[in-house]
Amino acid sequence: MTTRSPDALLRNVAGHTMDVLTLAALVTLASLVIFLVLQASAIPTLAPSMPTINAGLIASTLLLLRQWKKGRDAELAARAGASHLRRRDPVTQLPNTEGFVEALGHQASTQPRVAVVCISLERLRDVYDRLGAGCGDEVLRELSLRLCSALGHTGTVARIGDNTLALFHPSSSEIKLALVGGQIGKLMALPVATPAGEVAVGATIGVNFADLSVTDPREALRQARLACSAARTAGGDLAFFDASLDEAQRLKLDLEIELRQALADGVLRMVYQPQIDERGVTIGVEALMRWPHSTRGAIPPSLFVPLAEAAGLGEALGRYAMDHAFADSVLWPNLKVAINVSPIQLQSPGFITTVRDLLKKHDVKPQGFEFEITEGLLLEAGTTVLGNLEQLRKLGFQIALDDFGTGYSSLSYLGQFPIDKIKIDRSFVTPLGVREDAASIIRAISDLSGAIGVKVLAEGVETRAQLDMLRAEGCNQAQGYFVAPPMARAQILQHFGQVETTVRERRLRAA
Ligand code: C2E
Ligand code: CA
Ligand code: CA
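These numbers come from a predicted model, not from an experiment.

**Student:** Hey, could you go over the coordination of the calcium ion (ligand 2) for me, with residue numbers and the actual values?
**Tutor:** Geometry sets the ideal angles at a metal, namely 109.5 degrees for four tetrahedral donors and 90 or 180 degrees for six octahedral donors. At 2.1 to 2.4 Å from the calcium ion (ligand 2) lie its protein donor atoms, namely Glu286 (OE), Asn340 (OD1), Glu372 (OE) and Asp402 (OD). Considered as a linear motif, the donors of the calcium ion (ligand 2) on their single chain read E-x53-N-x31-E-x29-D. Taken as an interatomic distance, the gap from the calcium ion (ligand 2) to the calcium ion (ligand 3) is 4.0 Å; Asp402 donates to each of them. Here Asn340 is found in strand S11 (residues 336-340), whereas its partner Glu372 is found in strand S12 (residues 369-374), with 32 residues between them in sequence. You can call Asn340 partly exposed: its relative accessible area is 29%. A relative accessible area of 1% means that Glu372 is categorised as buried.

Here it is, written out as structure tokens:
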């Protein structure tokens, strides 16, 4: 069976109506001409037939009018049907975005204060991917039904995206609707039975309390969507729209455009923070990125790195950092340069090719570099990530596990992955001398790492006392403001000059 789009149906009916009308016009015209000719010629033999001809003319006109009306009715019905189809989601039979906005528009004239709720079904995509479209559709229908029955006749539920439902509910009580938000979350989290077993989808929810007498329905929905993405960004399940979200969103978009430009213009800079061994000798530097913004001041990487990744610039940013770190490394050939690499880069099948290209471009050797990765990446590592890590090591790069202790902190999985070094997070260093267990945690990490042949470096070392305690507990490598802050290329060369002189002087004095 072939299905025709609403537009095709409309075109067909409209064409048919046009044919009928053209025919009607032609017949009426012809009848009129005959009638006038007969009257003008006043043929006596035809005089008695005039009333019959008149009656015939009236009858044919009426017939034509009826035909025309039938055509017009069919056209109107098709138009209504097509418009209905255009406003409905074929899977759930719920209104789609257009239908939802229209329903909100009607609501504005009766009870304009509403809560517009955007519900993003978080793991629905997985269900479609793993269990197929039939199962995904089933789950979606079940979740829609739950919402419809929870809402009763007091609002409208719609499907406004592949994995997104929405509803509005007339109410002026924010507390009541906060409860509704919570209840929706619970309803969406309850498992759904499918032929492949039970699946639980879960949802992120954005609620917007809108007054439709002042806010356009489409805008009210946009604000609910924004609240939903704010909830996701904050790692929560539920968020409410307020004007500051709009402000934050605008800033984010502005920054995204400016970051794209900064990358293209080569405005981003690398700074390098020294790392020392147990003798206090600098053995390496960590390359850290900086964005000196012309009007907003220095923007920290904790802000622009995630922004770049969300904007699809993760790989470009990573390539930029590597390009500059490889180029600068020739200035300090005896130091290992540690480069932060994001999960997005390692998930890319083209990562190794990029690395090889850059090694060639700068004529540098992998043995001079270390890539810093985070724990989370290892836990969720797929075949591409593991393959890329193994290839990096085969090429001669070293791998360090960054921010150790902030994630799942399981030393047991270290042996399973190709890791050369762990970097103990600052949150374990700061409590040294303050919290009793702090030193024993460092001792445990150092002992276990030593046992499996993995080096250990402590990050965020800010005092002499911390450095001494770390060494006493077996952690010999350190990085932090006490050792040296991150510095630009020129400063770091100066720094090495001074350090070398001091070391030489100390050696001379000792001799
Ligand atoms: P990270 O890799 O853990 O880098 C260490 C951060 O700690 C740096 O912050 C550094 O300036 C700061 N730090 C160093 N010593 C001390 C100290 O003694 N005390 C304190 N309180 N902080 C110290 P920064 O440069 O702001 O970088 C923040 C994060 O941004 C980095 O954390 C890293 O995750 C990310 N990042 C920086 N550059 C890059 C890059 O090129 N690529 C990627 N993917 N991420 C980067
Ligand atoms: Ca790092
Ligand atoms: Ca770190």
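**Student:** Could you give an account of the packing of helix H8 (residues 243-265) against helix H9 (residues 301-310), naming the residues involved and the relevant values?
**Tutor:** At a closest axis distance of 10 Å, the pairing of H8 and H9 adopts a crossing angle of 85°. Between H8 and H9, the angle is such that the two are roughly perpendicular. Of the residues in H9, those in contact with Lys252, Leu255, Glu256 and Leu259 of H8 are Leu303, Phe304, Leu307 and Ala308. Residue classes in the contact of H8 with H9 are distributed as six nonpolar, no polar and two charged.

**Student:** Summarise helix H3 (residues 97-110); cite the residues concerned and give the values.
**Tutor:** Taking 1.5 Å of rise per residue, the 14 residues of H3 would be expected to cover 20 Å, and the 20 Å separating its terminal C-alpha atoms lies within 8% of that figure. For H3, the elements touching its buried residues are strand S1 (113-121), strand S2 (156-161), strand S3 (164-170) and helix H7 (217-233). Its side-chain oxygen at 3.1 Å from the backbone nitrogen of Glu98, Asn96 defines the N-terminal cap of H3.

**Student:** Let's hear about the pattern of salt bridges: which residues, and what values?
**Tutor:** Under the defined criterion, the tally for this structure stands at 25 salt bridges. Glu459 serves as the salt-bridge partner of Lys423, at 3.6 Å between the closest nitrogen and oxygen. Within this pair, whereas Lys423 is found in strand S14 (residues 421-424), its partner Glu459 is found in the loop between strand S15 (455-458) and helix H17 (464-472), the two being separated by 36 residues in sequence. Here Lys423 and Glu459 have matching classes, each one buried. Where Arg435 meets Asp437, a salt bridge forms, and the shortest distance between an N and an O atom there is 3.0 Å. A residue is classified by how much of its surface remains accessible, and Arg435, at 44% relative accessible area, is partly exposed. Each member of the salt-bridge network shares a partner with another, and the members are Glu286, Glu372, Lys423 and Glu459.

**Student:** For the packing of aromatic side chains, give the residues involved together with the corresponding values.
**Tutor:** Enumeration over the complete set of coordinates arrives at nine aromatic pairs. With 5.8 Å between their ring centres and 90° between their planes, Trp291 and Phe304 make a pair best called edge-to-face. Placement of Trp291 in strand S9 (residues 282-293) and of Phe304 in helix H9 is noted, with a sequence separation of 13 residues between them. Residues Phe326 and Phe369 carry aromatic rings whose centres are separated by 4.5 Å and whose planes lie at 45° to one another, so their mutual orientation is tilted. Pair noted here: Phe326 is in helix H10 (residues 314-329) and Phe369 is in strand S12, with a separation of 43 residues, a long-range link.

**Student:** A description of H17 should follow, citing residues and the corresponding values.
**Tutor:** Buried residues of H17: Gln466, Leu467 and Leu470, and no others. The buried residues of H17 occupy an angular sector of 100° when projected down its axis, which confines them to one face. In this structure, the buried residues of H17 make contact with strand S8 (269-276), helix H15 (426-429), helix H16 (437-451), S15 and strand S16 (477-478). Taken from the residues just after H17, Gly474 is the one with a positive phi, measuring 95°.

**Student:** Report on the nonpolar core, specifying residues and quantitative values.
**Tutor:** For soluble globular proteins, the rule of thumb is that nonpolar side chains tend to be buried together. Membership of the largest hydrophobic core comes to 72 residues, with the highest contact counts inside it found for Ile373 and Ile419. Of the residues forming this core, the biggest block, six residues, is contributed by H10. If near-sequence neighbours (up to four positions away) are discounted, Ile373 is found in contact with Val341, Leu346, Leu378, Leu389, Ile399, Ala400, Leu401, Asp402 and Ile419. One finds Leu143, Leu167, Ile184 and Val207 within the second-largest nonpolar core, a separate group that totals 25 residues.

About the cut-offs
- Residues numbered from 1 in each chain as written.
- Chains lettered and ligands numbered in written order.
- Predicted model: local features only at pLDDT ≥ 70, side-chain atom pairs only at ≥ 80, totals over all residues.
- Heavy atoms only, no water.
- Donors = N, O, S within 2.8 Å, 3.2 Å for Na, K, Ca; no water.
- Helix = DSSP H or I, 4+ residues; strand = E, 2+ residues; numbered from the N terminus.
- Buried < 20%, exposed > 50% of the residue type's maximum accessible area, 1.4 Å probe, protein only.
- Axes fitted to C-alpha atoms, helices over the stretch in contact; angles between N-to-C directions.
- Parallel < 35°, antiparallel > 145°, perpendicular 65-115°, else oblique.
- Contact = heavy atoms within 4.5 Å.
- Nonpolar A, V, L, I, M, F, W, Y, C, P; charged D, E, K, R; others polar.
- Expected span 1.5 Å × (residues − 1).
- Polar contact = N/O pair within 3.5 Å; in protein donor to acceptor, adjacent residues only side chain to side chain.
- Salt bridge = Lys/Arg side-chain N within 4 Å of Asp/Glu carboxyl O.
- Phe/Tyr/Trp six-rings, centres within 6.5 Å; stacked < 30°, edge-to-face > 60°.
- Arc of directions from axis to C-beta.
- Core = buried A, V, L, I, M, F, W, Y, C linked by side-chain atoms within 4.5 Å.

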